[in-house]
Amino acid sequence: MNGHELHPLVKQLLDGDITLADLPAELRAEGEAAVRLLAGVDRTDVSIPAVTWRVMAKLERRRRRFAPWLLAPALAIAAALVLWLAPRTPAPASLVTVRFVLVAPDARQVSLAGTFNQWDPQATPLVRAGATGVWTATLTLPAGQHQYAFVVDGARWVPDPGAPAIDDGFGRRNSVLTL
Amino acid sequence: MRSGSQATDGDIVRAVLAGDRERYAQLVERYRDRYARYATRMLGSVDAAEDAVQDAFVRAYDQLAQCKEPDKFVGWFFLILRNRCFAERRRNRSSASLEAANDVAAVDRADGGAETAEQRRALQRALLELTPDQREVFVLKHVEGLSYSEIAERLSTSVPSLKMRMHRAYDRLREQLRDHT
Amino acid sequence: MITLLALPLALLSMQQGTGIAQRLTGRVPPQIASLVEELGTAASARGLPIDPLIEKAIEGSAKGVAPERVASALRLVALQLDTAAAALRDGGLVSDTLAIAAGEFAITAGLSGSDITALARTGANAAALTVGLRVAGTLAALGVPPAEDIGLVSVGLRSGEPVSALLSLPANVQSAMARGATPAQAAAGLARAAAAQAAHGPPPGHGGGHPHPPAPPHP
C-alpha cells in the first residue's frame, strides 16, 4: 500500500457517515481537501429522447431486414439528437443539457446561433468528430422556449433538419427547441 | 403527480410478448432516461450513453421472454444496461476526455463558473481511470444518491465489499486529480 | 482613489437608461433600436412582454437582414402579441406575460387566436398553459394540423398531468412519424391513448413512477 491513502476517517467523511466536525483537528485539512474532490461531481440529469425512435426503428428494421437506415433525405443530411431534462423533482431553475448535431462533411466550420446566445454566429462553434463530417455541440440551457439555426462556414444559415421549424420572419426558417 | 393511471410494466411486457410489438415503445419511453445519467458518468460521454442505452433496450427486447418478473422490468433492464456499460470497449483516452469535455463545456455558461466546469471535466477524466466496479459504486452513491444498502440490494452484493471498492476509488481519484492538475 | 471610484458609478447611472436600450446596445443599428424602444414601451404599457421584440431585433441584425425587413418583422411580432393577449383574455387568462409570449410563438408557428382561446378554456393555470402553448406551437411546427394539435394538447392540459408529459409530446409525435404515421395520425393516436387512460382511471397495481428502481429480480 502506498503512503498516499486517505485516512479511514476521511473516507467515512466522504461516505457521509460522519461530518467535518467529527474529525480530529489534525485531520480537518485533509478532510476539507478530500471534500473538494467531490466538488466536481456532475449530477446534471441527462435525457436521451432520440433513443425511443432509434430503438423502435432498429427493431422494425431488423424485422423487415432493410438496408442501412437513411437518417434523412439526401439533401438534408443532418439529424438532430436532442437531449433534454425532464426534472424528476421540480427545481427552481431547471437546466437542461442539449446536444446539437449536424452532419456536414463539406463544411469547414459550423456554429450554432439562437435565442440562447443572442444569435451570435461566433459564440458557439461545433466540434467536428474526425473525418465523419459529424459536428456536435452540447449546451446546458434553461427550461423554456428556444429558437436556433446552424451557421455553416460563417455565412449559410441552416435550420436543423431533424427539428420542428418555423418561419423566422426574414424568409428563412428557425428550428424550435421547447424545453 | 397522478399515480397508477398508466399500464404497469408487467402489463406492457405481457402485451409485447403476446405480439403487440409496438407497445415496447412505451417501456422505452418510460425508462430511457432513468439510467441515462448513470450511463453517461460510467462511459464518459452522452454519445456513448445513448448508444449503450439503445443497445440495452434492443437486447432487453430480444430477451424479454427471460424477464422472470415482468413487473420488475426496470431492475432487470438495469442489469442489462450495466453489463453493456461494463463491456464497453475503452475508447482511446484522448477522445474520451474530449467528449467528456464537450459534454460539460457549456455548463459554465449557466453555472457561471469556468472553474466548476474544469472540476467536472477533471473528475470525469479521473473516474474513467478507475475500474468499472469502482466507478460504478462512486456513480451510484455520489451521482445517483443511493445509499450503500440500496446499492448492495441492486447489485446483489454486500455493504462491506462496496465500501472497500469505494474507499479504493477515493484513493485512486485523489491520486489522479493530484497528478493531473 | 475616490475619483476613480466615482467614475464607474457615474458611468453606471448613465448606462441605466431603459432596460430595452441596454439589451440592444452594440447589437442592432440605431433605427432598429428606436423602433424597438417605441414598440416595446407601448407593449409594456399594455401588459405585453417585450422579450419577443428584443430577441427578434437581435436575430434580424445578427442575420444581416436589411433594417426595413427587420422593422416589418418587429411590427408583426407586436401585432401577434396583441392577438395572443386578446385570445387569452377570451379564454379567461389575463395578463400573464410568459403565456402571451408563448401564444405569440404559437401564432408564428401557424395557430390562430381561436386555437389559443381553446387551450385557455381548458382551465389550466398560467404555468401549465404557457407550456401547453409552447408545445402546441412546436407540434404545429412539426406539421400537426391545428385540430389534432389542439386536441392533443387539450387532453394533456385537462388531465392535470405534470408539464414534463406535455413537453414530451413533440418527441412522441416524431417517434410515431419515424414509424410512418403522418403528423395528424400521430397526434390523433396519442390523444386517443391519453383520453382512454384518463377515462378508465387507475388500474389495480402500482404505476410506473418510482424515485429509485426496484431491486433486481432475485436469482
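In this section: the overall build of chain C. Scanning chain C from N- to C-terminus turns up 12 helices and 0 strands. Along the chain direction, N to C, the helices and strands of chain C fall in the order α-α-α-α-α-α-α-α-α-α-α-α. The buried share among the 219 residues of chain C stands at 46%. Across chain C, contacts joining residues at least 24 apart in sequence account for 66% of those joining residues at least 6 apart.

Turning next to the confidence of the model for chain C. In the predicted model, chain C carries a mean pLDDT of 82, and 82% of its residues have values of at least 70. Counting interchain partners and residues more than four positions distant, the pLDDT-below-50 stretch residues 1–17 of chain C has 2 contacts.

Next up on the list: the interface of chain A and chain C. At the junction of the two partners, chain A supplies 25 residues and chain C supplies 30 residues. Contributing elements (two or more residues each) for the side of chain A that touches chain C: helix H3 (50–64), strand S7 (165–167) and strand S8 (173–178) of chain A. For the side of chain A that touches chain C, the leading source of residues is H3 of chain A, giving 5 residues. Residues that form the side of chain A that touches chain C fall into these classes: 15 nonpolar, 6 polar and 4 charged.

Moving on: the confidence of the model for chain B. All names here are of chain B. Residues with a pLDDT of 70 or more make up 81% of chain B, whose mean pLDDT is 82. Confidence, read as mean pLDDT per element, is least for helix H7 (residues 107–111) in chain B (42) and greatest for helix H9 (residues 132–143) (95). Within the model, the stretch residues 1–5 combines pLDDT values under 50 with 13 contacts to residues more than four positions away or in other chains. Segment residues 91–112: pLDDT under 50, and 42 contacts once partners within four positions in sequence are set aside and those in other chains are kept.

Each full turn of the α-helix corresponds to 3.6 residues, which orients residues three or four apart in the same direction. Residue and element names in this part refer to chain C. Its 16 residues give helix H8 (residues 126–141) an end-to-end C-alpha distance of 22 Å, which sits within 8% of 22 Å, the value for a rise of 1.5 Å per residue. Across the 16 residues that make up H8, a large majority, 14, are buried. One or two steps after H8, the chain reaches Gly143, where phi turns positive at roughly 105 degrees.

Residues and elements named next belong to chain A. Among the 5 residues of strand S2 (residues 110–114), 5 are classified as buried, and the element is accordingly described as predominantly covered. In S2, alternate side chains face the same way, and those of Val110, Leu112 and Gly114 on one face and Ser111 and Ala113 on the other are all buried. Here S2 runs beside strand S5 (residues 145–152); their pairing, made up of 5 bridges, is antiparallel. Across the sheet, residue Val110 finds its bridge partner in S5, namely Val152.

On the side of chain A, 34 residues touch chain B, which itself brings 39 residues to the contact. By residue number, the principal contributor to the side of chain B that touches chain A is helix H4 (residues 46–62) of chain B, which donates 8 residues. Looking at the side of chain B that touches chain A residue by residue, the class counts come to 20 nonpolar, 7 polar and 12 charged.

For a regular strand, side-chain orientation follows a simple rule: the groups alternate between the two sheet faces. All names here are of chain A. Most of strand S4 (residues 134–142) is tucked away: 7 of the 9 residues are buried. With 9 bridges joining them, strand S1 (residues 95–103) and S4 adopt antiparallel strand pairing. What sits directly across from Val101, in S4, is Thr136. With 2 bridges joining them, strand S3 (residues 127–128) and S4 adopt antiparallel strand pairing. Counted as the bridge partner of Arg128 is Trp135 from S4. Hairpin remark: S3 followed by S4, antiparallel, with 5 residues in the connecting loop; positive phi at Gly130, about 60 degrees.

Positive phi is not limited to glycine here, since Trp119 of chain A has a value of about 55 degrees. Relative to the helices and strands, Trp119 of chain A is located in the loop between S2 and S3.

Let's shift gears to the packing of H9 of chain B against helix H11 (residues 159–179) of chain B. All names here are of chain B. Their axes nearest at 9 Å, the elements H9 and H11 cross at an angle of 95 degrees. Classed by the angle they form, the pair H9 and H11 counts as roughly perpendicular. For the pair formed by H9 and H11, the contact residues are Asp133, Gln134, Val137, Phe138 and Lys141 on the first element and Leu162, Arg165, Met166, Arg168, Ala169 and Arg172 on the second. Its residues assigned to classes, the contact of H9 with H11 shows 5 nonpolar, 1 polar and 5 charged.

Quick notes on the rules
Residues numbered from 1 in each chain as written. Chains lettered and ligands numbered in written order. Predicted model: local features only at pLDDT ≥ 70, side-chain atom pairs only at ≥ 80, totals over all residues. Helix = DSSP H or I, 4+ residues; strand = E, 2+ residues; numbered from the N terminus. Buried ≥ 20, exposed ≤ 12 C-beta atoms within 10 Å, placed from the backbone. Contact = placed C-beta atoms within 7 Å. pLDDT = per-residue confidence, 0-100. Nonpolar A, V, L, I, M, F, W, Y, C, P; charged D, E, K, R; others polar. Expected span 1.5 Å × (residues − 1). Pairing = 2+ DSSP bridges. Axes fitted to C-alpha atoms, helices over the stretch in contact; angles between N-to-C directions. Parallel < 35°, antiparallel > 145°, perpendicular 65-115°, else oblique.

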